[in-house]
Amino acid sequence: MAAEQPKVSLTGIKPTGEPHLGNYIGAIRPSLELTETYESIYFIADYHALTSIRDGAELARYTRSVAATWITLGLDPAKTIFYRQSDVPEIFELSWVLSCVTAKGLMNRAHAYKAARDRNVENGVKDLDAGINMGLFNYPVLMAVDILIMNTDVVPVGLDQSQHVEYTADIAGTFNHLYGGDFTLTVPTGIYPAGVSAKSLPGTDGRKMSKSYRNTIALFAPEKQLRKLVRGIVSDSTPVDEPKDPDTSAAFALYENFAAAEAVKDMRARLEAGGTGWGELKNTLFETLNDWLSPLRERYDALVAPGSELDAILADGAERARERARPVLAGVRHAVGITTG
Ligand code: ADP
Ligand code: TRP
């Protein structure tokens, strides 16, 4: 019997800011681990970011920075198909077809759209759709296409994306029901983080690290800035000599995620005993992060520079992605009657 084909894992990364430590723990590291067991397809969802980014130079910069970050942190483009969504025009053609089999009511119930309307309610804006563009409304269809056009089996994402994955399965099911014969779309399932990576990493103000809170520590911030950000993490005013509860500290939560188990144990004991201040914890945290990131910074800086080898990597990824997308799009075109014979 032939060996079973490895299952396909696909995920998209929205380039809406400089990648930060939270993205590393919650998305980059777990996705890179999956490349060991799955055939992996990872892409930069640049057209998705267009629903919110209005500055072209900014979109271009974040796209490059996200791509350079993933490669620097270990994505192997020979093993993983890695591309920009916008380089695969098949996605946008399929997007129209699948929007024609998607119920509008499904989109009305989408969390991101509902949240945008709720904000209008809170702000007393009468027109609940004010400020909402069609890109935001259609977002779940485009995401379904990203997934379905690659014949994806599993989608590793944060829990906040579970509705999108369920919608994708729903849309594939409708298509298969309407048109399924010899050709069907693969119905995917989500893979969600468990254990440590399920917990959000706190940012410099103690809330979840997130671009929207402006409390992030960018992975490839220059050393001086990294030190400043780490030194600026909130801490209470317990005097150095007094015992401290490490589990109330954002700096300790970060340390737990990035230092070796023995070092974490030792730091916990020292904080609990008293005599070690939050300042010392932050200095040690900075050293730990910097020891890990400084050797990588050079590689990142080279990749992110205009005209670097990143262009060829992404062009090659786009070619391979299109090779996978073409037969799926052809199958759909045939099924719906656009192509005959
Ligand atoms: P942000 O909240 O900064 O806008 P995104 O929503 O773009 O981040 O998240 C991209 C990925 O990174 C998602 O898979 C998300 O689950 C993960 N992620 C983001 N912030 C954190 C965090 N603080 N802790 C763990 N994972 C996170
Ligand atoms: N919506 C995802 C996010 O906001 C990004 C994304 C776009 C994606 N297309 C995808 C994720 C396809 C997984 C699969 O993070």
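The present account deals with the structure reproduced in this document. Keep in mind the model is a prediction, meaning the values are calculated, not measured.

**Let's talk about the overall build of the protein chain**
Tallying secondary structure elements over the protein chain gives 13 helices and 5 strands in all. Scaling as 2.2 N^0.38, a compact globule of 341 residues should have a C-alpha radius of gyration of about 20 Å, and the protein chain matches this with 22 Å. Dimensions of the protein chain along its principal axes, counting C-alpha atoms only, are 80 × 55 × 40 Å. In the protein chain, which comprises 341 residues, the share counted as buried stands at 45%. Of all intrachain contacts in the protein chain linking residues separated by at least 6 positions in sequence, the fraction that spans at least 24 positions is 78%. On the protein chain, roughly 17000 Å² of surface is accessible, and the fraction owed to carbon and sulfur atoms is 52%. Charge-centre separation for the protein chain: the mean point of 35 positive side chains lies 5 Å from the mean point of 43 negative side chains.

**Remarks on the site of ligand 1**
In the vicinity of ligand 1, the residues found are H20, G22, N23, G26, A27, G158, S200, L201, K208, M209, S210 and K211. In this structure, an oxygen atom belonging to ligand 1 sits 3.1 Å away from a side-chain N or O atom of N23. Out of a free accessible area of 540 Å², ligand 1 has 78% covered by protein chains. Class assignment for the residues of the shell around ligand 1 results in 3 nonpolar, 7 polar and 2 charged.

**Describing the environment of S52**
Within the secondary structure, S52 sits in the loop between helix 2 (46–49) and helix 3 (56–72). A relative accessible area of 48% means that S52 is categorised as partly exposed.

**Observations regarding the site of ligand 2**
What surrounds ligand 2 is a group of 14 residues, the closest being G12, Y139, M143, D146 and Q161. Contact distances for ligand 2 include 2.7 Å between a nitrogen atom and a side-chain N or O atom of D146. Take Q161: an N or O atom from its side chain is 2.9 Å from a nitrogen atom of ligand 2. Across the complex, the protein chains shield 90% of the 370 Å² of accessible surface that ligand 2 would expose by itself. If you list the elements that add at least two residues to the shell around ligand 2, you get strand 1 (8–13) and helix 7 (134–148). For the shell around ligand 2, the leading source of residues is helix 7, giving 4 residues. Each residue belonging to the shell around ligand 2 can be placed in one class, and the counts come to 8 nonpolar, 4 polar and 2 charged.

**Things to note about the pattern of salt bridges**
Applying the stated rule across the entire model yields 20 salt bridges. Note that R326 and E90 form a salt bridge whose closest N and O atoms lie 3.7 Å from each other. In this pair, R326 is assigned in helix 13 (residues 310–336) and E90 in helix 4 (residues 90–99), connecting sequence segments 236 residues apart. Linking R207 and D205 is a salt bridge whose minimum nitrogen-to-oxygen distance equals 3.0 Å. Residue R207 is classed as partly exposed on the basis of its relative accessible area of 43%. By sharing partners, the salt bridges in this structure join E90, E319, R322 and R326 into a single network.

**Details of the packing of aromatic side chains**
For the structure on display, the rule yields 10 aromatic pairs. Taking the centre distance of 5.4 Å and the plane angle of 15 degrees together, the rings of F43 and Y83 count as stacked. In this pair, F43 is assigned in strand 2 (residues 39–44) and Y83 in strand 3 (residues 81–84), connecting sequence segments 40 residues apart. No difference in accessibility class separates F43 from Y83, as the two residues are buried. Clustering of aromatic rings is evident, with ring pairs tying together Y24, F258 and W292. Just above the ring of Y213 sits the side chain of R207; from NZ or CZ to the centre is 4.0 Å.

**Focus: helix 8 (residues 162–179)**
Here helix 8 spans 26 Å end to end across 18 residues, near enough to the 26 Å set by a 1.5 Å rise per residue. Every buried residue belonging to helix 8 is among S162, Q163, H164, V165, Y167, T168, I171, A172, F175 and N176, and all of these are buried.

**Describing the nonpolar core**
Counting residues in each nonpolar core, the largest one holds 46 residues, and the members touching the most others are L21, W70, F82 and L254. Sorting the residues of this core by element identifies helix 1 (21–34), strand 2, helix 3, helix 9 (223–231), helix 10 (250–258), helix 11 (261–273), helix 12 (278–304) and helix 13 as the ones contributing at least two each. Ranked by the residues each element gives to this core, the list is headed by helix 12, at 8 residues. Dropping the residues within four chain positions of it, L21 is found in contact with L201, M209, I217, L219, L254, F258, L289 and W292.

**Some remarks on the environment of I41**
Here I41 shows up in strand 2. Judged by relative accessible area, I41 falls into the buried class, the value being 0%. For the pair I41 and E319, spaced 278 residues apart in sequence, the C-alpha separation works out to 13 Å. Here I41 is in contact with V8, S9, L10, T11, T80, I81, Y83, M150 and R324, once residues within four sequence places are set aside.

Basis of the calculations
Residues numbered from 1 in each chain as written. Chains lettered and ligands numbered in written order. Predicted model: local features only at pLDDT ≥ 70, side-chain atom pairs only at ≥ 80, totals over all residues. Heavy atoms only, no water. Helix = DSSP H or I, 4+ residues; strand = E, 2+ residues; numbered from the N terminus. Rg over C-alpha atoms; globule rule 2.2 N^0.38 Å. Buried < 20%, exposed > 50% of the residue type's maximum accessible area, 1.4 Å probe, protein only. Contact = heavy atoms within 4.5 Å. Areas by Shrake-Rupley, 256 points an atom, 1.4 Å probe, with all protein chains shown as cover. Lys, Arg positive; Asp, Glu negative; His and termini not counted. Charge placed at Lys NZ, Arg CZ, Asp CG, Glu CD. Near = heavy atom within 4 Å. Polar contact = N/O pair within 3.5 Å; in protein donor to acceptor, adjacent residues only side chain to side chain. Nonpolar A, V, L, I, M, F, W, Y, C, P; charged D, E, K, R; others polar. Salt bridge = Lys/Arg side-chain N within 4 Å of Asp/Glu carboxyl O. Phe/Tyr/Trp six-rings, centres within 6.5 Å; stacked < 30°, edge-to-face > 60°. Lys NZ or Arg CZ within 6 Å of the ring centre and 35° of its normal. Expected span 1.5 Å × (residues − 1). Core = buried A, V, L, I, M, F, W, Y, C linked by side-chain atoms within 4.5 Å.

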